[in-house]
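Architecture at a glance
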Number of protein chains: 2
Amino acid sequence: MAGKKVLIVYAHQEPRSFNGSLKKVAVEELSKQGCAITVSDLYAMDFEPRATRKDVIDRDLHLPVVIKTEEVMCGAQHLIGALSNPKFFNYGVEAYEAFKKRSLASDITDEQKKVQEADLVIFQFPLYWFSVPAILKGWMDRVLCQGFAFDIPGFYDSGFLKISFAPEIASEEERKAMVASWAQRLKTIWEEEPIDCTPAWYFGH
Amino acid sequence: MAGKKVLIVYAHQEPRSFNGSLKKVAVEELSKQGCAITVSDLYAMDFEPRATRKDVIDRDLHLPVVIKTEEVMCGAQHLIGALSNPKFFNYGVEAYEAFKKRSLASDITDEQKKVQEADLVIFQFPLYWFSVPAILKGWMDRVLCQGFAFDIPGFYDSGFLKISFAPEIASEEERKAMVASWAQRLKTIWEEEPIDCTPAWYFGH
């Protein structure tokens, strides 16, 4: 639908894979419709999946204070941010506080911005052990933090998780049919009812 | 049970957390029983969750050939290994081939060795989005590769996944009861029937 914004969160290492084809066809079909498409290519971004203390940074510091860690520093240096409880690290609590204070690491806030702007989010991934690959699970763990994912009304309502099943045991012809059927579905995707992902029992005591 | 080997795969950032307590009590109780215990403390190890081309290394190279990546090199340098199909990267296929050729990255083979030697594997983790944290999912994705996890008879039979539920909404007293009940269960853990994780329909066409 013209003018709509779509975020594709894509988790495959190989552009020529079946997943790569499904991503490509989505970009093509949705572009034809006049949508603006953003792809988060997680492996290409080397997206960090681990939920750690490094996710809380200090945006107000003027002098870079390098976080002290025992491991070798990797990639961009982080500015250490104060924890709400330095004596007992609770990732969920610290991420929530950091979200409110705007002191989450920028790789998280960049993704949150993409999600917030999107009218539709598509997750494109292969099944690893009956679930999403770790790199995508890390995107979910870190990006969909309290304050962001739990508070925005309608966030869940843009959910859209159905994917083609078992391309590895399908014939070439069946795969082509799956890609074509995905392209077909994308034509009328804006008419679909959103998946309801917020049954009350998820959060009941 | 005296002489048994136990591997605890532990995924929490904070030693004083409820998960940390459950891990501690398991180490204590199983030690009392005379078991040999190994803990894989994934956050402390900064365990890599991403399934990438870097997992295939070359153990035979005498001169270090640093893998070329666009990102900044991090930690130990890898020796690049030949892929079975360099033109089309399929992680599952490459990991399987690398397993057979003994050219998987050492952080993977170290964990496989621990699993292979263990009589019991305990996964200790908090729920993140109704599943394991990404760092533990990455352990599963990378360590439990084809050739290793699918071929060792009895591997699944040592599965043991039941954990305490929702410590965050429990009272302090209830938490203590959960820890005590876990300690109690560990006393007779060797009498339990293993969880059957290999129903035929998982792998049927």
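We now turn to the structure provided with this report. (Residues numbered from 1 in each chain as written. Chains lettered and ligands numbered in written order. Predicted model: local features only at pLDDT ≥ 70, side-chain atom pairs only at ≥ 80, totals over all residues. Heavy atoms only, no water.)

Remarks on unusual backbone geometry
All names here are of chain B. Rules: In this scheme, a residue with accessible area under 20% of its type's maximum is buried, one over 50% is exposed, and one in between is partly exposed, where area comes from a 1.4 Å probe on protein chains only. Each helix corresponds to a stretch of at least 4 residues labelled H or I by DSSP, and each strand to a stretch of at least 2 residues labelled E; elements are numbered beginning at the N terminus.
Positive phi outside glycine occurs at Arg-102, with the angle close to 55°. With relative accessibility at 67%, the residue Arg-102 sits in the exposed group. Notably, Trp-129 is not glycine yet its phi reads approximately 50°, a positive angle. Tracing the sequence through the fold places Trp-129 in the loop between strand 3 (120-124) and helix 5 (134-143). With relative accessibility at 21%, the residue Trp-129 sits in the partly exposed group.

Notes on the packing of aromatic side chains
Residue and element names in this part refer to chain A. For clarity, the threshold we go by: Between rings of Phe, Tyr and Trp, where Trp is taken as its six-membered ring, a pair exists when centres lie within 6.5 Å; planes separated by under 30 degrees are stacked, by over 60 edge-to-face, and by other angles tilted.
A full pass over the atoms with the stated rule returns 10 aromatic pairs over all chains. Between Phe-123 and Trp-139 the ring centres are 5.5 Å apart and the planes differ by 75°, which places this aromatic pair in the edge-to-face class. Here Phe-123 is found in strand 3 (residues 120-124), whereas its partner Trp-139 is found in helix 5 (residues 134-143), with 16 residues between them in sequence. Each member of the pair, Phe-123 together with Trp-139, is buried.

What to know about the sheet that holds strand 2 (residues 36-41) of chain A
Residues and elements named next belong to chain A. Defined as follows: The pairing criterion for strands is at least two bridges between them, as found by DSSP. Every axis corresponds to a line fitted to the C-alpha atoms, with the helix fit spanning only the stretch in contact, and the corresponding angles, defined between N-to-C directions, vary from 0 to 180 degrees. Residues count as neighbours in contact if any of their non-hydrogen atoms are within 4.5 Å of one another.
Taken together, the three strands give an open sheet; going across it, the order is 2-1-3, and neighbouring strands pair in parallel fashion. The strands lining the two open edges of the sheet, one partner per strand, are strand 2 and strand 3. With strand direction ignored, the average angle separating the axes of adjacent strands in the sheet is 20°. Sheet topology note: the strand 1 (residues 5-10)/strand 2 ladder contains six bridges and is parallel. Bridge assignment links Val-6 to a residue of strand 2, and that residue is Ile-37. Along the sheet face, helix 1 (residues 18-32) touches strand 1, strand 2 and strand 3 and points at about 175° away from the line of strand 1.

Quick look at the pattern of salt bridges
Operational definition: What counts as a salt bridge is simple: a side-chain nitrogen of Lys or Arg found within 4 Å of a carboxyl oxygen of Asp or Glu.
Inspection of the entire model under this criterion finds 22 salt bridges over all chains. For Lys-114 of chain A, the salt bridge is made with Glu-111 of chain A, and the minimal N-O distance between the two is 2.8 Å. With a gap of three residues between them, Lys-114 of chain A and Glu-111 of chain A both fall in helix 4 (residues 106-117), about one helical turn apart. The buried category is assigned to Glu-111 of chain A, whose relative accessible area is 1%. Close ionic contact of Glu-28 of chain B with Lys-24 of chain B constitutes a salt bridge, the shortest N to O distance being 3.3 Å. Note that Glu-28 of chain B and Lys-24 of chain B are positioned in helix 1 (residues 18-32) at a spacing of four residues, about one turn of the helix. Taking relative accessible area as the criterion, Glu-28 of chain B reaches 40% and is therefore assigned partly exposed. Judged by relative accessible area, which is 52%, Lys-24 of chain B ranks as exposed. Several salt bridges share partner residues, and in doing so they unite Asp-46, Glu-48 and Arg-50 of chain A together with Asp-46, Glu-48 and Arg-50 of chain B into one network.

Overview of the sheet that holds strand 1 (residues 5-10) of chain B
Residues and elements named next belong to chain B. As summarised here, the arrangement of the three strands in space is 2-1-3, forming an open sheet in which the pairing is parallel. Every other strand in the sheet has two partners, leaving strand 2 (36-41) and strand 3 as the edge strands with one partner each. Sheet twist, expressed as the mean angle between neighbouring strand axes with direction ignored, is 20°. Across the face of the sheet, helix 1 comes into contact with strand 1, strand 2 and strand 3 while running at roughly 175° to strand 1.

Quick word on the environment of Ala-26 of chain A
All names here are of chain A. Summarising the element assignment, Ala-26 is placed in helix 1. Given a relative accessible area of 1%, Ala-26 falls into the buried group. Remark: the alpha-carbon pair of Ala-26 and Lys-176, spanning 150 residues in sequence, is separated by 14 Å. Residues in contact with Ala-26, not counting those within four places in the same chain, are Ile-8, Ser-31, Ile-37, Trp-182 and Leu-186.

Examining the packing of helix 1 of chain A against helix 6 (residues 172-187) of chain A
Residues and elements named next belong to chain A. For clarity, the cut-off: Geometric relationships in this document are graded by angle, where less than 35 degrees denotes roughly parallel, more than 145 denotes roughly antiparallel, 65 to 115 denotes roughly perpendicular, and other angles denote oblique. Each crossing is labelled by how the near helix is turned from the far one, with a counterclockwise turn of less than a right angle marking it left-handed and a clockwise turn marking it right-handed.
In the contact formed by helix 1 and helix 6, the axes pass within 9 Å of each other and the chain directions differ by 30°. By the angle class used here, helix 1 and helix 6 are roughly parallel. Crossing geometry of helix 1 relative to helix 6 is assigned as right-handed. In contact with Phe-18, Ser-21, Leu-22, Val-25, Ala-26, Glu-29 and Leu-30 of helix 1, helix 6 contributes Arg-175, Met-178, Val-179, Trp-182, Ala-183, Leu-186 and Lys-187.

Some thoughts on the pairing of strand 3 of chain A
Residues and elements named next belong to chain A. Taken across its five residues, strand 3 has five buried, putting it largely inside the fold. Going residue by residue along strand 3, you find Leu-120, Ile-122 and Gln-124 tucked away on one face and Val-121 and Phe-123 tucked away on the opposite face as well. With five bridges joining them, strand 1 and strand 3 adopt parallel strand pairing. Looking at strand 3, one finds that Leu-7 is bridged to Val-121.

Section: helix 3 (residues 91-100) of chain A
Residue and element names in this part refer to chain A. In plain terms, the rule: Arc, as used here, means the arc of the directions from the helix axis to the C-beta atoms. Side-chain atoms alone can form a polar contact between residues adjacent in sequence; in general such a contact is a pair of N or O atoms within 3.5 Å, and within protein one must be able to donate a hydrogen while the other accepts it.
Every buried residue belonging to helix 3 is among Tyr-91, Glu-94, Ala-95 and Ala-98, and all of these are buried. Taken around the axis of helix 3, the buried residues stretch over an arc of 100°, which confines them to a single face. For helix 3, the capping residue at the N-terminal end is Asn-90, with a side-chain oxygen 3.1 Å from the backbone nitrogen of Gly-92. Backbone geometry just downstream of helix 3 places Arg-102 in the positive-phi region, at approximately 55°.

Some words on the environment of Lys-5 of chain B
Residues and elements named next belong to chain B. The residue Lys-5 is located in strand 1 in this model. Between the alpha carbons of Lys-5 and Val-121 there is a distance of 8.8 Å; along the sequence they are 116 residues apart. Aside from chain neighbours lying at most four places away, what touches Lys-5 is Ala-36, Glu-117, Ala-118, Asp-119 and Leu-120.

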